[in-house]
Amino acid sequence: MASSAFITSPIAAVLSNKTAASAASQRFSLGRYNIVEFGSRRSSFFSRVKLTAPSQGFSTKKPSSGVRAVAAVEPVVAGVEKALVAPVAVVTGASRGIGKAIALALGKSGCKVLVNYSRSSKEADDVCNEIEESGGQALSFGGDVSKEDVAMAMIKTAVDTWGTVDVLVNNAGITRDTLMMRMKLSQWQEVIDLNLTGVFVCTQAAAKVMMKKKKGKIINISSVVGLIGNAGQVNYSAAKAGVIGFTKSVAREYASRNINVNAIAPGFIASDMTSKLGEDIEKKVLANIPLGRFGQPEEVAGLVEFLALNPSANYITGQVITIDGGMVMQ
Ligand SMILES: NC(=O)c1ccc[n+]([C@@H]2O[C@H](COP(=O)([O-])OP(=O)(O)OC[C@H]3O[C@@H](n4cnc5c(N)ncnc54)[C@H](OP(=O)(O)O)[C@@H]3O)[C@@H](O)[C@H]2O)c1
């Protein structure tokens, strides 16, 4: 017989099940407990959550698009009030670097944040915990967002948990640098799949929700190399230039639905991606940056926060905003 308990105070829940999307509204695990009756509607989410011991058939295998949900359940009345005003944000590739800084900034500004990652589940959980410690709500979602089914499951998870998606930040990205003449088709394809197709599938999934509400903010993280190119990065610069064209077209399509779509083009930002550069290249790069330093992830996050949450940004759409220490002045 399953033991059960009701909780109304903040909890951390870890979900592990076969299909993230369907599981998200039904069964979460908290230590030795599974949480059932985690409703897909906001009202039941903020009602009491029933805990039961795991059933025999419960899978503990890590799913391909597994969800590790860290859900803060607030007191019923205060929770409903907050739910009406706290925007729901989905940030792809948020376990490290720029995405992590974006998730933290949005979480600390009062958003409920879905923290997507590919492999770094512990880092993603740490991001969720940091958001929760600052009084916010977060859940982590593992999965490769270049895949359409994963993108759909991710958006469904946010909707099942919090009722909607208000902000999508397409941040996940990779590099596979080499000169054009040595580039393998697989290196081209991997970068295009995540950095461009991933933006398409996530945007399409989130926009379905936003269009119904006639409200939303989509922010795509491109790069200055999508504007000016870079030797050794034909795959990456093509994908990032594609994101810019994509952003402008989608901004035109969704403007009548009150959905703002913008791109940010960072220059060199201190992260795992740029830590591989080596001292010589780093010196050359710095010589071309008028402000004489790399940017910080938090500086990009501040710009995302402005575009996503500040009412002054409501009249900005279809733009590409560079944040690069003056490297690319157009
Ligand atoms: N750093 C820069 O100087 C710079 C400049 C211009 C533009 N950008 C762009 O800014 C974005 C973030 O860059 P960053 O420097 O912060 O990168 P990073 O430190 O390498 O972090 C990449 C993030 O993307 C996630 N990720 C990788 N593959 C994924 C996949 N298939 N599905 C979902 N998530 C995946 C990683 O998750 P795991 O931890 O699980 O692997 C990680 O959270 C990228 O789009 C990048 O192109 C960066």
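Residues numbered from 1 in each chain as written. Predicted model: local features only at pLDDT ≥ 70, side-chain atom pairs only at ≥ 80, totals over all residues.

1. Some words on the overall build of the protein
Counted only if it meets this: Numbering goes from the N terminus for both helices and strands, where a helix is a DSSP run of H or I of at least four residues and a strand is a run of E of at least two. Any residue whose C-beta has 12 or fewer other C-beta atoms within 10 Å is treated as exposed, any with 20 or more as buried, and any in between as partly exposed, C-beta atoms being built from the backbone. Any two residues are considered in contact once their C-beta atoms, placed from the backbone, lie within 7 Å.
Along the backbone of the protein there are 12 helices and 12 strands. In the protein, buried positions account for 45% of the 330 residues. Counting contacts in the protein only where the partners sit at least 6 residues apart, residues at least 24 apart contribute 71% of the total.

2. With respect to the site of the ligand
Note the following rule: The rule is simple: place the C-beta atom from the backbone, and if it lies within 6 Å of a molecule or strand, the residue is near it. Only Asp, Glu, Lys and Arg are considered charged, only Ala, Val, Leu, Ile, Met, Phe, Trp, Tyr, Cys and Pro nonpolar, and every remaining residue, Gly among them, polar.
Neighbouring the ligand are 31 residues, the closest being G93, G97, S120, G173 and S271. Elements with a minimum of two residues in the shell around the ligand: helix 4 (97–108), strand 7 (112–117) and helix 10 (272–275). In the shell around the ligand, the residues fall into 12 nonpolar, 14 polar and 5 charged.

3. Considering the environment of L286
Within the secondary structure, L286 is located in helix 11 (residues 279–287). C-alpha separation for the pair L286 and G325, spaced 39 residues apart in sequence, amounts to 9.8 Å.

4. Thoughts on the UniProt feature "binding site: NADP(+)" (unreviewed entry) in the protein
To keep it simple, the criterion reads: UniProt positions are given in the numbering used here, feature names are shortened, and annotations may be inferred rather than shown by experiment.
As annotated by UniProt and renumbered to match this structure, "binding site: NADP(+)" (unreviewed entry) occupies G93, A94, S95, R96, N171, Y236, S237, A238, A239, K240 and I269. Structurally, A94 can be placed in the loop between strand 6 (88–91) and helix 4. Tracing the sequence through the fold places K240 in helix 9 (residues 234–254). Judged by local crowding, K240 falls into the buried class, with 27 C-beta atoms found within 10 Å. Excluding residues that lie within four positions of it along the chain, K240 makes contacts with N195, S222, S223, V225 and G226.

5. Concerning the nonpolar core
Keep this limit in mind: Linking buried Ala, Val, Leu, Ile, Met, Phe, Trp, Tyr and Cys residues through C-beta atoms within 7 Å yields a set, and such a set is a nonpolar core.
Counting residues in each nonpolar core, the largest one holds 73 residues, and the members touching the most others are V91, I102, V115 and A206. With 11 residues, the top contributor of residues to this core is helix 7 (residues 185–213). Leave out the neighbours within four places in its chain, and A206 touches V90, I155, V165, L168 and I218.

6. Thoughts on the UniProt feature "active site" (unreviewed entry) in the protein
In the numbering adopted here, UniProt assigns the feature "active site" (unreviewed entry) to Y236. Following the sequence through the fold, Y236 ends up in helix 9. Discounting residues that sit within four places of it in the chain, Y236 has contacts with T175, D177, V191, N195 and V225.

7. Quick word on the pairing of strand 10 (residues 216–221)
The test is simple: At least two DSSP bridges between two strands are needed for those strands to be called paired.
The buried fraction of strand 10 is high, at 6 of 6 residues. The two faces of strand 10 match: G216, I218 and N220 on one face and K217, I219 and I221 on the other face are all buried. For strand 9 (residues 167–170) and strand 10, the ladder comprises 4 bridges, and the chain directions are parallel. Of the residues in strand 10, the one forming a bridge with V167 is K217.

8. Quick look at helix 6 (residues 148–162)
We count it as follows: An expected span of 1.5 Å times one less than the residue number is assigned to each helix.
Here helix 6 contains 15 residues, and its C-alpha end-to-end distance of 21 Å stays within 8% of the 21 Å for a straight helix at 1.5 Å per residue. Buried residues of helix 6: V150, A151, A153, M154, I155, K156, T157, A158, V159, D160, T161 and W162, and no others. Residue G163 follows helix 6 closely and has a positive phi angle near 90 degrees.

9. Focus: the packing of helix 4 against helix 12 (residues 297–309)
Formally: Fitted lines through C-alpha atoms serve as axes, helices being fitted only where they are in contact, and the angles separating the N-to-C directions of these axes extend from 0 to 180 degrees. Should an angle fall under 35 degrees it is called roughly parallel, over 145 degrees roughly antiparallel, and 65 to 115 degrees roughly perpendicular, with every other angle called oblique. Left-handed describes a crossing whose near helix is turned anticlockwise from the far helix by less than a right angle; the clockwise case is right-handed.
Packing of helix 4 against helix 12 leaves a shortest axis separation of 8 Å and a crossing angle of 50 degrees. The orientation of helix 4 relative to helix 12 falls into the category oblique. The hand of the helix 4/helix 12 crossing is right-handed. In this structure, helix 4 uses G97, I98, K100, A101, I102, A105 and L106 to contact helix 12, whose residues at the interface are P297, E298, V300, A301, G302, V304, E305 and A308. Looking at the contact of helix 4 with helix 12, its residues break down into 10 nonpolar, 2 polar and 3 charged.

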